[in-house]
Amino acid sequence: RPAPQRRDPRRGRTEGAMADGLDWRFSHVVAEKEEGDVTEADILSTVEFDGTGENIAVGDKGGRILVFTSQGNPSFHTRGGGASTVRDLDYRPQIEFQSHEPEFDYLKSLEIEERINKIKWLGGRNRTQMLLSTNDKTIKLWKIHEKKAKSLSFSSSEECRRTGGRALRLPRLTSGEHTITNTSRRVFANGHAYHINSISLNSDGETFISSDDLRVNLWNLEINDQSFNIVDIKPANLEELTEVITSSEFHPFHCNIFMYSSSKGTVKLADMRDAALCDHHSKLFEEPEDPSSAKSFFSEIVSSISDIKFSRDGRYFLSRDYLTVKVWDLNMEKRPLCSIPVHEQLRPKLCDLYENDFIFDKFECSFSHDNGHFLTGSYNNYFHVFDTRGRSDACFEASRVIPKKKLFKKQKDIIRKAPEDINVETFDFRKKVLHTAWHPSMNLCAVAAANMLFFYTAS
Amino acid sequence: LGESGLYKIAVLIDDLRAEESKKRLAAVQSLPQIAEALGADRTRGELLPFLLDIADDEDEVLLALSEQLGNFLPFIGGTPYAAHLFPPLERLAGLEEPAVRERAIESFRKIIDKVGVKPVEKELLALVKRLMEGEVFTMKIASLGIIPLLYGSGSSSAQAEILPLYFKAAKDEIPQVRRIAAKNLKDLIYACKNVEEFLPLFQSLCLDEQDSVRLMSVESCIALSKKIPQNKVGNYILPFIKSVAEDKSWRMRYMLAEKIVELCKGIESSIVCKDISNYFAKFLQDSESEVRAASAGRFAEFCKLLDLNTIVEKLIPPMKKLSNDPFPFVRKSLAENILLVCPLIGGTHTSQHLIPTFLTLLKDENSEVVLPLFKTIGYMNKVIGLDSLAQSIVPAISNLANDKKNWRTRLTMFQYFPFLAQQTEENFFNDKFLELFLQGLGDSVFAIREIAVENLMKVAE
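What you see is a predicted model, and the numbers here were worked out from it, not measured in a lab.

**A few points about the overall build of chain B**
1) Next: Along chain B, the regular secondary structure elements total 29 helices and 0 strands.
2) Next: With the C-alpha coordinates aligned to their principal axes, the bounding extent of chain B is approximately 80 × 60 × 30 Å.
3) Next: By the burial criterion, 56% of the 461 residues in chain B qualify as buried.
4) Next: For chain B, the share of sequence-separated contacts (at least 6 apart) that also reach a separation of at least 24 residues comes to 67%.
5) Next: When the accessible surface of chain B is totalled, it reaches about 20500 Å², and 51% of it is carbon and sulfur.

**Some words on the overall build of chain A**
1) Next: Across its full length, chain A carries 3 helices and 31 strands.
2) Next: In chain A, which comprises 459 residues, the proportion classed as buried is 54%.
3) Next: In chain A, once contacts between residues fewer than 6 apart in sequence are set aside, the share between residues at least 24 apart is 56%.
4) Next: Here chain A has roughly 21700 Å² of accessible surface; of this, 48% comes from carbon and sulfur atoms.

**Considerations on helix H26 (residues 407-423) of chain B**
Structural remark: α-helix, 3.6 residues per turn; residues separated by three or four positions point the same way.
Residue and element names in this part refer to chain B.
1) Next: An ideal rise of 1.5 Å per residue puts 24 Å on 17 residues; H26 measures up with 25 Å between its terminal C-alpha atoms.
2) Next: Maximal helix bending in H26 amounts to about 30°, located at tyrosine 416; proline proline 418 follows within four positions.
3) Next: Looking at H26, one finds that the buried residues are Thr409, Arg410, Leu411, Met413, Phe414, Tyr416, Phe417, Pro418, Leu420, Ala421 and Gln423.
4) Next: Measuring from the side-chain oxygen of the N-cap residue of H26 to the backbone nitrogen of arginine 408 gives 3.0 Å; that N-cap residue is asparagine 406.

**With respect to the packing of aromatic side chains**
1) Next: In the structure shown here, the tally under the stated rule is 40 aromatic pairs over all chains.
2) Next: Taken together, the ring pairs in this structure connect A:Tyr322, A:Phe358, A:Phe363, A:Tyr379, A:Tyr382, A:Phe427 and A:Phe429 into an aromatic cluster.
3) Next: Directly above the aromatic system of B:Tyr81 lies the positively charged group of B:Arg44, at a separation of 3.6 Å from the ring centroid.
4) Next: Sitting above the plane of the B:Tyr379 ring, B:Lys382 keeps its charged end 5.2 Å from the centroid.

**Focus: the confidence of the model for chain A**
Residue and element names in this part refer to chain A.
1) Next: Per-residue confidence for chain A gives a mean pLDDT of 86; residues scoring 70 or more make up 88%.
2) Next: Across residues 1-19 the pLDDT falls below 50, and counting only partners more than four positions away or on other chains, this stretch makes 27 contacts in the model.
3) Next: Note that residues 74-84 has pLDDT below 50 and, in this model, 13 contacts with residues that lie over four places away or in other chains.

**Focus: the interface of chain A and chain B**
1) Next: Chain A puts 41 residues into the contact, and the matching count from chain B is 38 residues.
2) Next: Summed over both sides, the interface of chain A with chain B buries roughly 3400 Å², with 49% coming from carbon and sulfur.
3) Next: The three residues of chain A that bury the most area against chain B are A:Leu168, A:Leu170 and A:Arg273, which together make up 24% of that side's buried surface.
4) Next: Across the chain A-chain B interface, the total number found is 7 salt bridges.
5) Next: When the shortest N-O distance is used, the salt bridge between A:Arg185 and B:Asp59 registers 3.4 Å.
6) Next: At 5 residues, strand E10 (residues 139-152) of chain A tops the list of elements feeding residues into the side of chain A that touches chain B.
7) Next: Partitioned by chemical class, the residues of the side of chain A that touches chain B number 14 nonpolar, 11 polar and 16 charged.

**Notes on helix H14 (residues 230-245) of chain B**
Residues and elements named next belong to chain B.
1) Next: Taking 1.5 Å per residue, 16 residues should reach 22 Å; H14 reaches 21 Å between its end C-alpha atoms and fits that length.
2) Next: Of all bends in H14, the biggest is about 30°, found at tyrosine 236, and the proline proline 239 comes one to four residues later.
3) Next: Every buried residue belonging to H14 is among Val233, Ile237, Leu238, Phe240, Ile241, Val244 and Ala245, and all of these are buried.
4) Next: Its buried side turned inward, H14 meets helix H11 (199-206), helix H13 (217-227), helix H15 (250-264) and helix H16 (269-284).

**Describing a nonpolar patch on the surface**
1) Next: Together, B:Leu438, B:Leu441, B:Val453 and B:Leu456 make up a nonpolar patch on the protein surface, roughly 300 Å² of accessible area in all.
2) Next: Its place among the elements puts B:Leu441 in the loop between helix H28 (434-439) and helix H29 (446-460).

**A word on the side chain of A:Arg273**
1) Next: Mapped onto the fold, A:Arg273 is located in the loop between strand E18 (267-271) and strand E19 (283-285).
2) Next: Its relative accessible area of 15% is what places A:Arg273 among the buried residues.
3) Next: What A:Arg273 contacts, discounting residues up to four positions off in sequence, is A:Cys255, A:Asn256, B:Glu209, B:Asp211, B:Arg214, B:Lys248, B:Ser249 and B:Trp250.

**Describing the pattern of salt bridges**
1) Next: Scanning all chains against the criterion turns up 44 salt bridges over all chains.
2) Next: Put simply, A:Asp428 and A:Arg430 hold a salt bridge, and the shortest N to O gap is 3.2 Å.
3) Next: Given a relative accessible area of 65%, A:Arg430 falls into the exposed group.
4) Next: Two residues, B:Glu106 and B:Arg109, come together in a salt bridge whose shortest N-O distance is 3.6 Å. Here B:Arg109 and B:Glu106 lie together in helix H6 (residues 98-115), a separation of 3 residues that amounts to about one turn.
5) Next: Exposure remark for B:Glu106: the relative accessible area of 37% places this residue in the partly exposed category.
6) Next: Assessed through its relative accessible area of 38%, B:Arg109 is described here as partly exposed.
7) Next: The network of salt bridges with common partners includes A:Lys143, A:Arg185, A:Arg186, B:Asp59, B:Glu96 and B:Glu97.

**Re the environment of A:Ile308**
1) Next: Note on placement: A:Ile308 falls in strand E20 (residues 307-310).
2) Next: The spacing of A:Ile308 and A:Ile223 is 85 residues in sequence and 27 Å in space, taken between C-alpha atoms.

**Here's the deal with the environment of B:Phe417**
Residue and element names in this part refer to chain B.
1) Next: Mapped onto the fold, phenylalanine 417 is located in helix H26.
2) Next: Judged by relative accessible area, which is 0%, phenylalanine 417 ranks as buried.
3) Next: When the C-alpha positions of phenylalanine 417 and glycine 39 are compared, they lie 61 Å apart, and in sequence the two are 378 residues distant.

**Considering the sheet that holds strand E31 (residues 452-458) of chain A**
Residue and element names in this part refer to chain A.
1) Next: An order of E1-E31-E30-E29 is seen for the 4 strands of this open sheet, with the pairing classed as antiparallel. Two strands lie at the open edges of the sheet, namely strand E1 (24-30) and strand E29 (435-438), each paired on one side alone. The average angle at which neighbouring strand axes cross in this sheet is 20°, direction not considered.
2) Next: Both E29 and strand E30 (residues 444-449) contribute to a ladder of 4 bridges, which runs antiparallel. Across the sheet, residue alanine 437 finds its bridge partner in E30, namely alanine 446.

**Details of the pairing of E18(A)**
Residues and elements named next belong to chain A.
1) Next: With respect to burial, E18 is a largely interior element, 5 of its 5 residues being buried.
2) Next: Neither face of E18 is open: one carries Val267, Leu269 and Asp271, the other Lys268 and Ala270, and all of them are buried.
3) Next: Relative to E18, strand E17 (residues 257-262) is paired through 5 bridges, and the arrangement is antiparallel. From the neighbouring strand, serine 261 faces E18, where its bridge partner is valine 267.
4) Next: Between the end of E17 and the start of E18, which pair antiparallel, lie 4 residues, with glycine 265 showing a positive phi angle near 85°.
5) Next: Bridge count for E18 against E19 is 3 bridges, and the pairing is antiparallel. From the neighbouring strand, valine 267 faces E19, where its bridge partner is phenylalanine 285.

**Topic: the sheet that holds strand E28 (residues 415-417) of chain A**
Residues and elements named next belong to chain A.
1) Next: The 5 strands lie next to each other as E24-E25-E26-E27-E28, forming an open sheet whose pairing is antiparallel. Among the strands making up the open sheet, the edge pair consists of strand E24 (365-367) and E28. Within this sheet the neighbouring strands show an average axis-to-axis angle of 25°, counted without direction.
2) Next: Bridge count between strand E27 (residues 393-397) and E28: 3 bridges; the pairing is antiparallel.

**Section: the packing of helix H19 (residues 308-321) of chain B against helix H21 (residues 342-362) of chain B**
All names here are of chain B.
1) Next: Axis separation between H19 and H21 bottoms out at 11 Å; the angle between their running directions is 15°. If you check the angle between H19 and H21, you find them roughly parallel. In this structure, H19 crosses over H21, and the sense of that crossing is right-handed. Residues Leu308, Ile311, Val312, Ile316, Met319 and Lys320 of H19 form the contact with H21, whose participating residues are Leu344, Ile345, His349, His353, Leu354 and Thr357.

**A look at the packing of H14(B) against H15(B)**
All names here are of chain B.
1) Next: The contact between H14 and H15 brings their axes to 9 Å, and the two run at 145°. Packed against H14, whose contacting residues are Ile241, Val244 and Ala245, the element H15 presents Met252, Arg253, Leu256 and Leu263 at the interface.
2) Next: Here the residues of the contact of H14 with H15 are counted per class, giving 6 nonpolar, no polar and 1 charged.

The rules behind each value
- Every chain is numbered independently, its residues counted from 1 as its sequence is written.
- Each chain takes a letter, starting from A, and each ligand takes a number, starting from 1, following the order in which they are written.
- Where totals are concerned, whole chains, interfaces and linings use all residues; where local detail is concerned, this predicted model gives features only for residues with pLDDT of at least 70, and gives and counts side-chain atom pairs only at 80 or more.
- Side-chain calculation: all heavy atoms of the structure are included, whereas hydrogens and water are not.
- Runs of E in the DSSP output that reach at least two residues are strands. Runs of H or I that reach at least four are helices, and both are numbered from the N terminus.
- Under the scheme applied here, a residue whose accessible area is under 20% of the maximum for its type counts as buried, over 50% as exposed, and between as partly exposed, the area being computed with a 1.4 Å probe on protein chains only.
- The contact criterion used is simple: two residues touch if any of their non-hydrogen atoms lie within 4.5 Å.
- Accessible surface area values rest on a Shrake-Rupley calculation with a 1.4 Å probe, where residue burial reflects the displayed protein chains alone.
- The span one expects for a helix is its residue count, reduced by one, times 1.5 Å.
- We define the bend at any residue as the angle between the axes fitted to the seven residues before and including it, ending there, and the seven starting there.
- We define a polar contact as two N or O atoms separated by no more than 3.5 Å, with the added condition that, inside protein, one atom must be a possible hydrogen donor and the other a possible acceptor, whereas residues neighbouring each other in sequence contribute only through side-chain atom pairs.
- For Phe, Tyr and Trp, rings pair up if their centres lie within 6.5 Å, where Trp contributes its six-membered ring, and each pair is then called stacked (planes under 30 degrees apart), edge-to-face (over 60) or tilted (otherwise).
- A ring has a charge above it when a Lys NZ or an Arg CZ is no more than 6 Å from the ring centre and no more than 35 degrees off the ring normal.
- Confidence of the predictor at the level of single residues is captured by pLDDT, which takes values from 0 to 100.
- Buried area, as used here, totals the accessible surface that two parts lose on assembly, with accessibility defined by a 1.4 Å probe and the loss added over both.
- We count a salt bridge whenever a side-chain nitrogen from Lys or Arg sits within 4 Å of a carboxyl oxygen from Asp or Glu.
- Gly counts as polar in this scheme, as do all residues outside two lists: the nonpolar Ala, Val, Leu, Ile, Met, Phe, Trp, Tyr, Cys and Pro, and the charged Asp, Glu, Lys and Arg.
- Only residues whose relative accessible area exceeds 30% and that form no salt bridge enter a patch; like-charged residues are grouped when within 9 Å of one another, and nonpolar side chains (Val, Leu, Ile, Met, Phe, Trp, Tyr) when within 5 Å.
- DSSP bridges decide pairing: two strands pair if at least two such bridges lie between them.
- Axis definition: a line fitted to C-alpha atoms, over the contacting stretch in the case of helices. Angles run 0 to 180 degrees between N-to-C directions.
- Should an angle lie under 35 degrees it is considered roughly parallel, over 145 roughly antiparallel, and from 65 to 115 roughly perpendicular; all remaining angles are considered oblique.
- Definitions for this section: a left-handed crossing has its near helix turned counterclockwise from the far helix by less than a right angle. A right-handed crossing has that turn clockwise.

Encoded structure:
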C-alpha cells in the first residue's frame, strides 16, 4: 500500500512562483493595543465568521466577545452584479460585551475559567444576529440587535396633574439614536461534567451539539433545561480511560450526521438516524500506522487531533494534529487523501516541547470557501496556507513589524517566509497562531495572534 | 372618574414605558383599566398605536401584551372594529421568541373565534401576505400559523389566494419554515373540501431531507386518512406507512409506532390485520429500544383493531421476547400493557401465551417493571381468575411490600393496593393481602404510613 503523500518542507519555493494561484496581501489588523497594555485576558481564544462573512466575532480569555462588521463601512463598495472586490472589506468594531464570567465550582473546588472556547453564529436572520458562545461549562445564546432609544414626548401623569386631573393624554414616542446592543436569550448550563471543547449547529436550524472530554450532548435552541446525551465514551471504571473527545462538528447539510475526533488520532462519524445513542460510529477514519516510523512516547501525544472541519460542500474534512493536517474524503475511511506536515522541523524537539507543555497546544484549521485551500497556524506567529492537494505551502507571519529589507515591493505589508527562513531554533513558542477563520465566500482570512486579529486577502 | 382615578390611569400609561420591567408588566396587565378610562374611540385611535411601538421589550412583557390583545375586543368597540387589533398582534406574531409568537397567534384565534372570518377576511388576507414577504423568517412562520385560522371559514377566493402562499413557504430554503408548514398542514387538511389538492405537498414533505420536517408528516397522514375516500387509501396511506416503517431514521419509526392506532382508524380492518400488523410486529423487535418501548406501549390499543388470529399469530410471539429485553424501560412498557390484552384473546390463549410472560415479568429484578402489573391485574382476573397464580403473585407482592432497600418501592406497592382490592375478589384479597397491607400502617417511613391510611378507606370499600 503506498504511503500517504507527504510534502518535504525543505524543497524550496521561490517568492515568485505562485503555483497555488493565490496572491496574498495584508489587509488590516483590529483589536490592537499598546504592547504594555496587553493582559492575559486580552488574548484571543476563538475566531468565527458569520454565514455571510459580513461579520466576524472573536472571543478572548477574559470572557469577552468582540464583533466586527464590514457592513456600512465607507470603504465597502459593491460593483456590478453586487460582487465586491476583496480589498474593499474593512472590519470595524460593532459591539463588545462580556459573555461569560469566571465561576467557582464549590463541589469540586475548581475554578471555571471565563475563557471563550468557541463561538458559532446562527444563520438566516437578517438584521438580528444570534450567536452561541461557550466556555468550559456553560453555553449561551446571544442576540445582537439594533435598539432605537425611544423617549416619551411628555409624561402622562404630569399632564394629568397639570390639567387638574381632568384630562388624560397619551404621549408620543420619539425615536432617538440607534445603538447596537446585546441580549442574553438562553443559557444552557449544567449539561457537562467535563470541559466543553466544541459546539456545532445542525442544518435544521433548531438543534446543536456540544462536546466535552467524554460526552456529546444534543440540545434544542429553544429548550435550555434539557439535553440528550448521544455519545458517551466514559468507561465504567475511570481508571481504564485511554482516550478523550477533542472536537465535534455537524455535517454542513446532512442533519443526521456529525463527527467527533479523539486524542488517539481517530475521527468517528455518527448517524443520528441509526439509534438514539450514537455510541457506535458509522464510520471510523484512522490513518494506518507507518511501520517504518519509530513509535515514541510522544508520537501518541502528537497524534491527538486538535480540530476537525468539514468542507463547505460536505464531501471532505480536515483533521489537525500537532504536526500535520490531513485531508480526508468522507467516503474513504482507510487513509486520508493526503497528510501535510505543517512544521515538521519540530519533530526532533518534541521532548523540549513536552517539558514546556507546548506540545499540548491546540491548533485549529480552516477550510477555504471553495475547498481548494486551507489555513492553519504555527509558532512564531507564523501561519500556513496550503492547497488541499498538498502541492503548495505558503508561510506568512502575522505581525505588524515590517522587515527592514523591503524584499516584496508589490505586496502590501505581508511578511512571507520562505522555507529556508524558517528556523525552529529561533522560534518564540509563546507566540502562536492557534485560531484562524476563512471567509465563507471569498479569499479572505482572519488570523488571531495574541490579542490582535489580522486580515489577509488574496486575489 | 374622579381626579385621583384619572391620575392613576395616567401613571399606568407612563409605566408602560418605565425603566423597570416589573412596572411595565404590571402596566400591561392593567391595560383593560386604561382602555376603559380612555373609552373605545380613544383606545382605538391612540392606545393601540402607542402599543404598537413597545414591541422591543422583554419576553414577559410581550407575552402579557399578546395575551391582553386577545381579550381586547370589548374595549375597542366590539366586533366591527376587530381589525384594529391586528397591527400590534401582527408585530408580535413575527417576533423571534417562539413563546411570544404562539401567544399572539392564539390571540388571533380567540378574536377570529368571536367575530368569525368574514368581517375581517380582507385584513387577515393582507396581513398573511405581508408576513409571508417579511424580511425575517419568523414572520413567515407566523403567517403559516395564521393561515389555518383563516382557511377553513374563508371565502373561496381567499382560499384560492392563500394556498399558493402556503405551498411556496413549504419549499422555503430555511428548514424551520418548512417544518412549520409541515406541522400545520394537518389543520388545512381537516378544514379543506378537496383533499386531493394537498397530496402533492404531502408527498414532497415526506421526502424532505431534514428529519425535523419529515417527522411532521405522520400527523398530516392521520388527517389525510380521515378525509380520503377508502378506495384511495391503498394509493396514499399504505405506501406512506410502508416507507415510514422502513425508514432509516429511528425517530420516524418511533413516531409511527406512537401514532399507528390513530392512523389505522381510517383504514379498513382487513387491511390492518393483513398488512399493518406486520409492521407493528417488526416494531416490537426494532433495533432501537425507543421504538420497541413505544410499540409495547401501544400494544393493547393496537390489538383492539385486530382479529384473534392475527393477534395470536403475528403479535404475541414478538411480544413474548420483550419480557427479556435488555432495557428496563422497554420491559416496563410491556408490563403496563400486556394484561390489557387478556379480555381480547380469552381464557385459553391467556393461559397459554400470556401467563408465562406474566410470570417472567413478575420475577424481574427491577421493581419498576413489576409494579405496573398490579395496576392491570384485574383484566387477567376477569378472564381466568387468580387462584391458580396465587403461588406466584403473593410472594412477588410480599417482596415488594417488604423491600428493605428502597422505600419508594414499598410506597408504590402500597399505592397499588386499592387497585388490587378493586380488581380481585374479596376473599382472595382478605386471604392473601390484608395482613400485608395492615403492616403498612406501622411502617417506619411516614410516607408509607400516610398512604396506607389514605388507602384504608378505599380498600375497605
